[in-house]
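So you can see what is in the structure, the chains are spelled out below.
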Amino acid sequence: MALILIFTLAEETYGLEIEAIQEVVEKPALHFVPRADGALLGAINFHGQILSLVDLPRLLGFDSEQLDHRRVVLTAEYQSLALAVTLVQRIVKLDLAALQSNLTGESKNAARGVVDMDGTLVNLLDLDEILKQLRKLYQ
Amino acid sequence: MDMSQYRELFFSETREHLNNLNQLVVELEQQPGNRETIDTLFREAHSLKGMAATMGFNRTAQLSHHLEDLLDGFRKTGVVPAATVDYLLAGIDLLEGLLDDMTAKSAERSIDEFLQRSPSTEVVLVAEADVSSPPQVNGNDDQSLPLVAVEVEPSDLVEPLANIEEPDAFQVLVSLAEGTVMASARGILVLRELEKFGELMSSKPDLDALRNGAPCQQIQAWLRTSLTKDHIEEALRKITDVAQVRFIDDRRREEVSREDAAKTIRVRTELLDQVVNLVGELITQRYLLNSAAAGRNWDELRQALGQTSRLVDDLHHHALQARLLPLESITGRLPRIVRDLSRKSGKKVTLRLTGSDVGIDRVVLEALTDPLVHLVRNAVDHGIAEEGTVTVSARREKDLVLVEVADDGNGMDSERLRSQAVEKGLLTAQQAENLSDRDALMLVCQPGFSTAAEITETSGRGVGMDVVKSAVVNLGGRLDILSAPGEGSRFQLRLPLSIAIIKILLVRCAGHPLAIPITRIDRTLGLPTAEIERSGSERVFRLGEEVLSLVSLPQLLGLPEPAVGEITFVILTELQGRKIGLEVDCFIGQREAFVKNLGFPLNHLPGLCGATVEGDGRVVFIVDPQPLLENRPLLSSN
């Protein structure tokens with residue numbers, strides 16, 4: 001069983017293993033970044049580190065008018081990115097052995113696959129895909 | 001006595017001594033009769049010997065002693081025979097190898113072969129060493145020694161015992177079977193057996209411990225031998241109760257870097273005292289501030305605050321001083337490198353060093369070491385044809401240091417570089433033609449531009465001009481190349497004194513505060529807006545005789561244009577040798593900023609070179625206008 005943080009991007013339910021998360025920060029001040037555009041919302045000062053805040057719904061092409069004021073800060077392995085999501089929900093225990101990987105082969109909406117949570121399908125976020133997309137945008 | 005705390009210091013001092021030795025020997029080669037140089041060399045070798053002996057690094061001590069003796073002989077005759085210079089240099093190289101061994105905590109390599117090559121046998125009197133360590137057990141290390149050393153006391157077993165050509169050093173792990181009776185006695189047998197194979201450098205537990213009945217389940221031994229591992233294993237397995245024999249190769253030596261040099265730094269006591277004094281004064285000041293605040297005495301408070309800010313400035317200045325090292329600490333190797341290169345290429349090259357005492361942040365210096373060697377190598381290989389001078393100079397320029405590598409050789413032909421770039425498909429003919437001469441010279445910094453010959457020459461170090469340039473840029477500096485056919489070449493590296501703290505100008509840009517490094521600013525202007533003219537699609541203004549372009553910083557950053565006021569605030573900066581004006585909303589002020597590095601993808605945004613956190617916690621980004629200007633779209637819509 002793995003501990004998974006459940007959150008939403010627009011109407012979709014997503015999950016992320018807590019091993020990839022450094023901290024969920026409550027309402028950090030957002031700082032203006034010159035030349036930031038699109039999915040890059042700005043920067044946050046996270047314990048003295050200046051981190052990029054990424055609008056995850058926007059990066060993945062979702063239409064999300066509202067964003068949760070809590071930010072998900074990833075571990076250094078994932079560049080300590082700070083992610084803004086539609087709504088941070090809760091941490092649950094899920095059996096990832098039951099993960100159904102993407103049969104289509106293409107990583108749709110940056111999900112590594114789906115897993116069932118009491119009848120709700122949870123998309124497991126593919127962080128490598130997120131980084132890949134960001135690298136494409138910011139060479 | 002536990003010497004481990006002195007290890008770092010010993011290594012850094014040894015490195016300094018070796019640097020000096022290298023430099024002095026090269027000087028001596030040019031002036032073989034210079035008494036003073038011989039004396040200094042002698043003293044360097046003498047200090048090195050003393051330190052190494054105290055630390056228990058016996059081979060280093062022995063070799064330094066050997067060189068010291070040799071030099072003492074030259075002191076008496078007053079001349080250094082030309083033939084011995086190579087021998088001295090080889091000795092210094094060997095000392096460097098020994099230093100690598102010591103830093104890697106592996107056993108010191110053998111010096112026997114070197115000692116046997118000694119050019120003058122009468123000065124090799126190692127046996128009479130006044131080395132303040134226990135007497136050396138040299139075995140037949142040295143031909144001039146009587147063979148008493150064969151009757152070694154067992155306690156000296158950790159010392160070198162045998163003399164083998166090009167032996168291989170490795171660690172042997174011998175495990176005894178569980179429940180071995182009299183394990184320590186078996187251990188002694190194992191050690192005795194190991195001694196037969198070659199040189200048993202050390203072991204854990206050692207013979208003494210085993211004699212005192214130390215528990216012994218496994219023996220770890222450092223062995224230097226030319227025998228094969230199979231042979232050793234087979235022999236060891238014949239001993240009763242030996243359960244397992246394993247070997248660990250000593251390959252770490254190759255990976256020894258100069259890392260530990262970076263971890264320690266020597267600071268003058270005087271400087272340290274000043275810092276401590278300043279901190280003391282600040283503590284007093286804090287009480288004054290407290291009492292002034294408690295008594296709501298505003299005059300006193302203001303005075304105390306002024307005093308505090310002066311103290312903080314002082315402290316900052318002194319703390320930065322501690323980070324500075326003279327350029328000398330990395331140019332020390334250059335005379336030797338140039339000497340070896342000119343000998344190899346048959347060219348007659350003189351090296352001139354000026355400004356070696358200019359202080360540079362040690363982080364900057366470290367990153368500069370390899371690029372500097374590469375530039376000097378290039379100057380000898382490609383710049384100078386037959387005979388010439390390579391000059392490495394340094395001087396302060398505002399809060400930058402200019403380091404220049406210049407040669408009086410062939411110079412570079414921008415026309416030829418253009419056609420080469422086209423041949424290699426890096427540029428189209430049109431692009432090449434539009435390139436200014438200055439930019440054409442910078443083509444050599446393009447990855448993949450170097451010719452094949454250059455790649456083989458420098459492949460050992462893995463440094464090319466593109467690496468030189470990116471090292472300089474990563475440090476927040478700039479590389480310029482000045483050259484013309486027949487006029488030699490000058491590679492100019494402008495580097496920040498310190499990379500952690502820089503001076504910035506805080507400006508407002510489309511309503512947002514932004515910081516611009518002072519090093520990018522020539523001057524600031526308050527320009528009456530009415531004086532701005534149009535020239536085609538560009539805005540221009542006059543400054544003295546010149547007509548300069550005016551570019552809007554908000555526009556460069558994709559921000560809305562601010563409202564036009566009576567005065568336009570302009571920053572003068574330089575772009576490819578030309579002055580250019582940058583318009584901002586207003587200036588906020590100048591200050592020193594502690595630069596924070598940016599995380600991905602912020603660090604990939606053009607023009608962003610860091611951020612600083614204001615007193616109120618606000619994050620202000622530091623913008624380098626240079627790349628923004630270089631990549632600006634043509635301002636046709638302006």
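Note that the structure is a prediction, hence the values are computed from the model and not measured.

Draft legend 1. Seen up close, the confidence of the model for chain B. Residues and elements named next belong to chain B. Per-residue confidence for chain B averages 79 on the pLDDT scale, and 84% of its residues sit at or above 70. In the model, residues 121–166 has pLDDT below 50 throughout and makes 79 contacts with residues more than four positions away in sequence or in other chains. Here the prediction assigns the complex a pTM of 0.48, and the interface score ipTM is 0.88.

Draft legend 2. Focus on the sheet that holds strand 9 (residues 400–407) of chain B. Residues and elements named next belong to chain B. The 5 strands are arranged 6-8-9-11-10 in an open sheet whose pairing can be described as mixed. Strand pairing shows two members of the sheet lacking a second neighbour, strand 6 (348–354) and strand 10 (478–483), which therefore form its edges. Between one strand axis and the next, the sheet turns through 15° on average, direction left out of account. Judged from the 7 bridges that link them, strand 6 and strand 8 (residues 387–397) form a sheet pairing that is parallel.

Draft legend 3. Here's a closer look at the nonpolar core. Counting residues in hydrophobic clusters, the biggest one holds 69 residues, and the most contacted among them are A:Val54, A:Leu83, B:Ala515 and B:Phe621. In terms of residues, this core owes the most to one element, strand 22 (residues 619–623) of chain B, which gives 5 residues. When near neighbours in sequence (up to four residues on either side) are disregarded, B:Phe621 contacts A:Val33, A:Pro34, B:Leu514, B:Ala515, B:Leu608 and B:Ala611. The next biggest cluster of nonpolar side chains, apart from the first, holds 45 residues, and it includes B:Val405, B:Leu417, B:Ala471 and B:Leu493.

Draft legend 4. How the structure looks around helix 10 (residues 269–294) of chain B. Residue and element names in this part refer to chain B. Taking 1.5 Å of rise per residue, 26 residues should cover 38 Å, and helix 10 covers 38 Å from first to last C-alpha, within 8% of that figure. Of all 26 residues in helix 10, 0 are buried; the element is thus mostly exposed. The first or second residue beyond helix 10 is Arg 296, which carries a positive phi of 50°.

Draft legend 5. Up close: the environment of B:Thr369. All names here are of chain B. Within the secondary structure layout, Thr 369 lies in helix 14 (residues 362–383). Its 15 C-beta neighbours within 10 Å are what place Thr 369 among the partly exposed residues. With 39 residues separating them in the primary sequence, Thr 369 and Ile 330 have C-alpha atoms 6.0 Å apart.

Draft legend 6. Examining the pairing of strand 4 (residues 40–46) of chain A more closely. Residues and elements named next belong to chain A. For strand 4 and strand 5 (residues 49–55), the ladder comprises 6 bridges, and the chain directions are antiparallel. Bridging across to strand 5, Phe 46 finds its partner in Gln 49. In textbook terms, the turn of a hairpin is the stretch between consecutive antiparallel strands, and for strand 4 and strand 5 this stretch comprises 2 residues, one of which, His 47, has a positive phi near 50°.

Draft legend 7. Expanded view of the sheet that holds strand 3 (residues 21–26) of chain A. All names here are of chain A. Pairing is mixed across the open sheet formed by 5 strands, whose spatial order is 3-6-7-5-4. Across the chains shown, the open sheet's two edge strands, defined by having one partner strand only, are strand 3 and strand 4. This sheet shows a mean twist of 30° between the axes of neighbouring strands, independent of strand direction. Relative to strand 7 (residues 82–84), strand 5 runs parallel, the two sharing 3 bridges. Among the inter-strand pairings, Asp 55 is bridged to a residue of strand 7, identified as Ala 84.

Draft legend 8. Quick peek at unusual backbone geometry. In this structure, the amide linkage connecting B:Phe600 to the following residue, B:Pro601, adopts the cis form with an omega of -5°. Within the secondary structure, B:Pro601 sits in the loop between strand 20 (586–594) and strand 21 (608–613). Look at A:Ser80: it is not a glycine, yet its phi comes out positive at around 50°.

Draft legend 9. Spotlight on the interface of chain A and chain B. Listed as interface residues are 18 residues of chain A and, on the opposing side, 22 residues of chain B. Secondary-structure elements contributing two or more residues to the side of chain A that touches chain B are strand 4 and strand 5 of chain A. In terms of residue count, the dominant contributor to the side of chain A that touches chain B is strand 5 of chain A (4 residues).

Draft legend 10. Expanded view of the packing of helix 10 of chain B against helix 11 (residues 298–323) of chain B. Residues and elements named next belong to chain B. The interhelical angle for the contact between helix 10 and helix 11, taken along N-to-C directions, is 160°, at an axis separation of 9 Å. Comparing the axis directions of helix 10 and helix 11 gives the class roughly antiparallel. Classified by chirality, the crossing of helix 11 by helix 10 is left-handed. Across from Leu 271, Gln 274, Val 275, Leu 278, Val 279, Glu 281, Leu 282, Gln 285, Leu 288, Leu 289, Ala 292 and Ala 293 in helix 10, the residues of helix 11 making contact are Glu 300, Leu 301, Ala 304, Gln 307, Thr 308, Leu 311, Asp 314, Leu 315, His 318, Ala 319, Gln 321 and Ala 322. Along the lines of polarity and charge, the residues of the contact of helix 10 with helix 11 split into 15 nonpolar, 6 polar and 3 charged.

What counts, and where the lines are drawn
Residues numbered from 1 in each chain as written. Chains lettered and ligands numbered in written order. Predicted model: local features only at pLDDT ≥ 70, side-chain atom pairs only at ≥ 80, totals over all residues. pLDDT = per-residue confidence, 0-100. Contact = placed C-beta atoms within 7 Å. Pairing = 2+ DSSP bridges. Helix = DSSP H or I, 4+ residues; strand = E, 2+ residues; numbered from the N terminus. Axes fitted to C-alpha atoms, helices over the stretch in contact; angles between N-to-C directions. Core = buried A, V, L, I, M, F, W, Y, C linked by C-beta atoms within 7 Å. Buried ≥ 20, exposed ≤ 12 C-beta atoms within 10 Å, placed from the backbone. Expected span 1.5 Å × (residues − 1). Parallel < 35°, antiparallel > 145°, perpendicular 65-115°, else oblique. Left-handed = near helix turned anticlockwise from the far one by under 90°. Nonpolar A, V, L, I, M, F, W, Y, C, P; charged D, E, K, R; others polar.

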